[in-house]
Protein chains: 2
Amino acid sequence: MITNRLTVTRIADVVADSLEKRILEGSLKPGDRLPSERDFAVELGVSRPTLREALQKLISKGLLATRHGGGTFVTDRLESHFVDPWQEMISGHPMLHSDLLEFRQMLESQSASLAAERATNVDIERLDTLYATLDSVYESDDVKACIDADVAFHQAIAEAAHNVLIGHLTSSLMRLIHGHVSINLEHLHARPQRWNQLRSQHHAIWQAIRERQPDMAARAASSHIEFVVQNMGDANLEAERRQSALRRQVESERNLEIKGPLLTG
Amino acid sequence: MITNRLTVTRIADVVADSLEKRILEGSLKPGDRLPSERDFAVELGVSRPTLREALQKLISKGLLATRHGGGTFVTDRLESHFVDPWQEMISGHPMLHSDLLEFRQMLESQSASLAAERATNVDIERLDTLYATLDSVYESDDVKACIDADVAFHQAIAEAAHNVLIGHLTSSLMRLIHGHVSINLEHLHARPQRWNQLRSQHHAIWQAIRERQPDMAARAASSHIEFVVQNMGDANLEAERRQSALRRQVESERNLEIKGPLLTG
DNA sequence: ATTCTTTATTGGTAATACCACTTAAATAAT
DNA sequence: ATTATTTAAGTGGTATTACCAATAAAGAAT
């Protein structure tokens, strides 16, 4: 009588592990919404109570969150663990920006290198489409769209590196520096020559990954960030100038009328 | 129509919290067996699926354990309450170890490189003393002291890189992989030849930083981690063997006497 | 007394129905 | 045409019920 052995694995646990894996690997990103419990149950081939048990497990782990009537969502607990300690520190100490960019340079060159080694065909296809939209949107005047496309492009490279730590860390870092990227891009958008340099840099990275040349990809990514760093310096100088001008203006206004709370520190 | 109010608190959560409280307070002691799900459900005045959701939560927290057909029992470990989500992920998904080590390789080679560039005199002095203790303690049989000295050495290098991100991330990583480092070092300690290789690797890193040679430092650190990775593979194989042996032992014990609840999974 | 079989009990899974909440589209009022 | 309201569809939350599979204890056969 050999009836046992296999049934010891509970279905709910299998489902939970599978979902956890998908979240960890990044195929389910923070903020993503899962299908409805009914649909998801039939999709996975299990009953709704079983699915709910699995979801409950992940909810108690903090990986998922539900809103009654709204849906089930993937939390950002894994990434916020990276970001949260830094968020206020960065904004409070601007001198950390250089550290941040230095780290980003290391991370992205490594990402590009690994991506050139390991990218699968679907990764390449994804990079192709993202690069296409990135390049096309750079011709438009929609700076906001440029940022999104830029972030998506770099994130896709990080995910093609097939290292979950690099993937999540890149995503965290992107969120952290999002504001600065936007400042920087607006700064560069007013300078067509440098703006085009950015495009050629993106092309170099993309091409190196496509042609499976890790070293070249790493160098391209590295010099790309270096270029960003230089211009970031200019942008920051300009932003600093504007800010101090604003401070003076605010102060003179305060002398006139002292009223609402000023939030800026 | 104000019909809501109370339903925002989910019944399953209330039940789970109540049970957790009773366990933590001690009215439910480790090893205690809970009533059957059906009885318990009517006793608490909830449905069985709701009770099961509550139980599931506590099971995933590690406070309860079930045996199919046997019953539900209170476990004896209460500490796994506040855990780093990444820590949990790492222990749950062993395939992450390679990602972790790959990231560590990138991080530490960059650390060494930057340290060789930027280390101040006090950094160098600190590294000197730490290297001295590291080298001396490697001659003793105190593996625990070796781990501490090793961690301190690498941490000091990361801090000599003068990048707060790298510093903090390195310490986080060290905490994360501390257990594996100890396994690995114990494994290597039984192999004097490789043990001495470790010492020469540390020497190479230290020397390259002292002599201000970034590339050499990066290469030394990189090959050091690579060496660790290889031996980590061996150590993991051995650990896997021990674990499967333990599994067999547990199974044979179960065949002999089936009595109290076996908590091992 | 020991071993094997049986049986009641337990946890695991599933199907179904209904409730409460959220969202957004459709409608009514301005 | 715009805004505010209503309504309907969809979602997660809970409960009921039933059946399956594994366990453990009682009983029967040796």
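Small disclaimer: the values here were computed from a predicted structure and weren't measured.

Trainee: Got a minute to help me understand the overall build of chain A in this structure?
Mentor: In terms of helices and strands, chain A carries 10 helices and two strands. Going from N to C terminus, chain A has its helices and strands arranged as α-α-α-β-β-α-α-α-α-α-α-α. Out of the 265 residues belonging to chain A, those deemed buried represent 46%. Counting contacts in chain A only where the partners sit at least 6 residues apart, residues at least 24 apart contribute 71% of the total. Accessible surface for chain A amounts to roughly 14400 Å². Of this, 54% is attributable to carbon and sulfur atoms.

Trainee: Just to check I follow, could you spell out the interface of chain B and chain A for this structure?
Mentor: Tallying the contact residues gives 34 residues for chain B and 38 residues for chain A. In this structure, A:Arg52 and B:Glu53 form a salt bridge, with 2.7 Å as the shortest nitrogen-oxygen distance. Of all the secondary-structure elements, those providing two or more residues to the side of chain B that touches chain A are helix 3 (48–61), helix 4 (85–92), helix 5 (96–118) and helix 8 (164–189) of chain B. Broken down by class, the residue content of the side of chain B that touches chain A amounts to 16 nonpolar, eight polar and 10 charged.

Trainee: Mind showing me how you'd approach helix 5 (residues 96–118) of chain A here?
Mentor: Residues three or four positions apart in an α-helix share a direction because the helix packs 3.6 residues into each turn. The end-to-end C-alpha distance of helix 5 of chain A is 32 Å, a good match for the 33 Å that 23 residues give at a rise of 1.5 Å each. Summarising burial for helix 5 of chain A: 19 of the 23 residues are buried, a large majority.

Trainee: For this particular structure, what's the right way to read the domain arrangement of chain A?
Mentor: Where interface size is given, it is often the accessible area lost as the parts come together that is meant. Residues and elements named next belong to chain A. Annotation of chain A at the domain level lists domain 1 (11–75) and domain 2 (79–247). Using C-alpha coordinates to define each centre, domain 1 is positioned 31 Å away from domain 2. Across the contact, five residues belong to domain 1 and four residues belong to domain 2. When the buried area of domain 1 at its contact with domain 2 is split by residue, Leu24, Lys29 and Pro30 rank highest and sum to 76% of it. At the junction of domain 1 and domain 2, the tally comes to one salt bridge. Note that Lys29 is salt-bridged to Glu159, the shortest N-O span being 3.0 Å. Where domain 1 touches domain 2, the interface holds two residue pairs in polar contact (both at pLDDT 80 or more). For the side of domain 1 that touches domain 2, the residue count by class is three nonpolar, no polar and two charged.

Trainee: Teacher, can you tell me more about the protein's contact with DNA strand D here?
Mentor: Around DNA strand D, 28 residues are found, and the nearest of them are A:Glu37, B:Ile11, B:Pro49, B:Thr50 and B:His68. In DNA strand D, the atoms that sit within 4 Å of the protein are 68% sugar and phosphate, with bases accounting for the remainder. Take A:His68: an N or O atom from its side chain is 3.1 Å from a base nitrogen of DNA strand D. Residue B:Arg48 places a side-chain N or O atom 3.4 Å away from a base nitrogen belonging to DNA strand D.

Trainee: What am I meant to see in the pattern of salt bridges here?
Mentor: Side chains that differ in charge, positive against negative, can pair when their charged atoms come close. One pass over the structure, following the stated rule, counts 26 salt bridges over all chains. The salt bridge partner of B:Glu102 is A:Arg118, with a shortest N-O separation of 2.2 Å. Residue B:Glu102 is found in helix 5, and its partner A:Arg118 is found in helix 5; the two belong to separate chains. Relative accessible area serves as the criterion here: at 15%, B:Glu102 is assigned to the buried category. Overall, the relative accessible area of 28% leaves A:Arg118 in the partly exposed class.

Trainee: Would you mind going over the protein's contact with DNA strand C with me for this structure?
Mentor: In the neighbourhood of DNA strand C, 27 residues make up the surrounding shell, with A:Ile11, A:Thr50, B:Glu37, B:Arg48 and B:Arg52 lying closest. Within the side chain of A:Arg67, a nitrogen or oxygen atom sits 3.0 Å from a phosphate oxygen of DNA strand C. Between a base oxygen of DNA strand C and a side-chain N or O atom of B:Arg38, the distance comes to 2.9 Å. Examining the composition of the surface near DNA strand C, we find that three residues originate from one element, helix 3 (residues 48–61) of chain A, more than from any other.

Trainee: Please clarify how the pairing of strand 1 (residues 64–67) of chain A should be interpreted in this entry.
Mentor: For a regular strand, the rule is simple: side chains alternate between the two faces of the sheet. All names here are of chain A. Bridge count for strand 1 against strand 2 (residues 71–74) is four bridges, and the pairing is antiparallel. Paired with Ala65 across the strands is Phe73, a residue of strand 2. Here strand 1 hands over to strand 2 after three residues, with Gly69 in that stretch at a positive phi of 80 degrees.

Trainee: Would you mind going over the nonpolar core with me for this structure?
Mentor: Soluble globular proteins: nonpolar side chains tend toward being buried together. The biggest cluster of nonpolar side chains holds 122 residues, and the ones touching the most others in it are A:Phe103, A:Leu185, B:Phe103 and B:Leu185. With near-sequence residues (within four places) excluded, A:Leu185 lies in contact with A:Tyr138, A:Val143, A:Cys146, A:Ile147, A:Trp195 and A:Leu198. If you look at the next biggest cluster of nonpolar residues, it comprises 17 residues, including B:Ala16, B:Phe40, B:Ala41 and B:Leu64.

Trainee: Is there a simple way to think about helix 8 (residues 164–189) of chain A in this case?
Mentor: Residue and element names in this part refer to chain A. Considering bend angle alone, the principal kink of helix 8 is centred on Ile177 and spans about 55 degrees. Most of helix 8 is tucked away, with 20 of its 26 residues classed as buried. Here helix 8 starts with a cap whose side-chain oxygen sits 2.9 Å from the backbone nitrogen of Leu165, and that cap is Asn163.

Trainee: Whenever I open this one, the side chain of A:Ser111 confuses me. Can you help?
Mentor: All names here are of chain A. Mapped onto the secondary structure, Ser111 falls in helix 5. Classification of Ser111 as buried rests on a relative accessible area of 3%. Setting aside residues up to four positions removed in sequence, Ser111 forms contacts with Ile157, Ala158, Ala161, Ile166 and Thr170.

Trainee: I keep staring at the packing of helix 1 (residues 11–25) of chain B against helix 3 of chain B and nothing clicks. Help me out?
Mentor: Axis angle and axis distance: for two packed helices, these are the angle between their axes and the distance between the axes, and together they describe the pair. All names here are of chain B. Viewed as axis vectors pointing N to C, helix 1 and helix 3 meet at an angle of 50 degrees, and their least axial separation amounts to 8 Å. By the angle between their axes, helix 1 is oblique relative to helix 3. Once helix 1 is placed against helix 3, the crossing between them reads as right-handed. Judged by residue contacts, Ile11, Ala12, Asp13, Val15, Ala16, Leu19 and Glu20 of helix 1 engage Thr50, Leu51, Glu53, Ala54, Leu55, Lys57, Leu58 and Lys61 from helix 3.

Rules used in this analysis
Residues numbered from 1 in each chain as written. Chains lettered and ligands numbered in written order. Predicted model: local features only at pLDDT ≥ 70, side-chain atom pairs only at ≥ 80, totals over all residues. Heavy atoms only, no water. Helix = DSSP H or I, 4+ residues; strand = E, 2+ residues; numbered from the N terminus. Buried < 20%, exposed > 50% of the residue type's maximum accessible area, 1.4 Å probe, protein only. Contact = heavy atoms within 4.5 Å. Areas by Shrake-Rupley, 256 points an atom, 1.4 Å probe, with all protein chains shown as cover. Salt bridge = Lys/Arg side-chain N within 4 Å of Asp/Glu carboxyl O. Nonpolar A, V, L, I, M, F, W, Y, C, P; charged D, E, K, R; others polar. Expected span 1.5 Å × (residues − 1). Domains from an automatic or database assignment. Buried area = accessible area lost by both parts, 1.4 Å probe. Polar contact = N/O pair within 3.5 Å; in protein donor to acceptor, adjacent residues only side chain to side chain. Near = heavy atom within 4 Å. Pairing = 2+ DSSP bridges. Core = buried A, V, L, I, M, F, W, Y, C linked by side-chain atoms within 4.5 Å. Bend = angle between axes of the 7 residues up to and from the residue. Axes fitted to C-alpha atoms, helices over the stretch in contact; angles between N-to-C directions. Parallel < 35°, antiparallel > 145°, perpendicular 65-115°, else oblique. Left-handed = near helix turned anticlockwise from the far one by under 90°.

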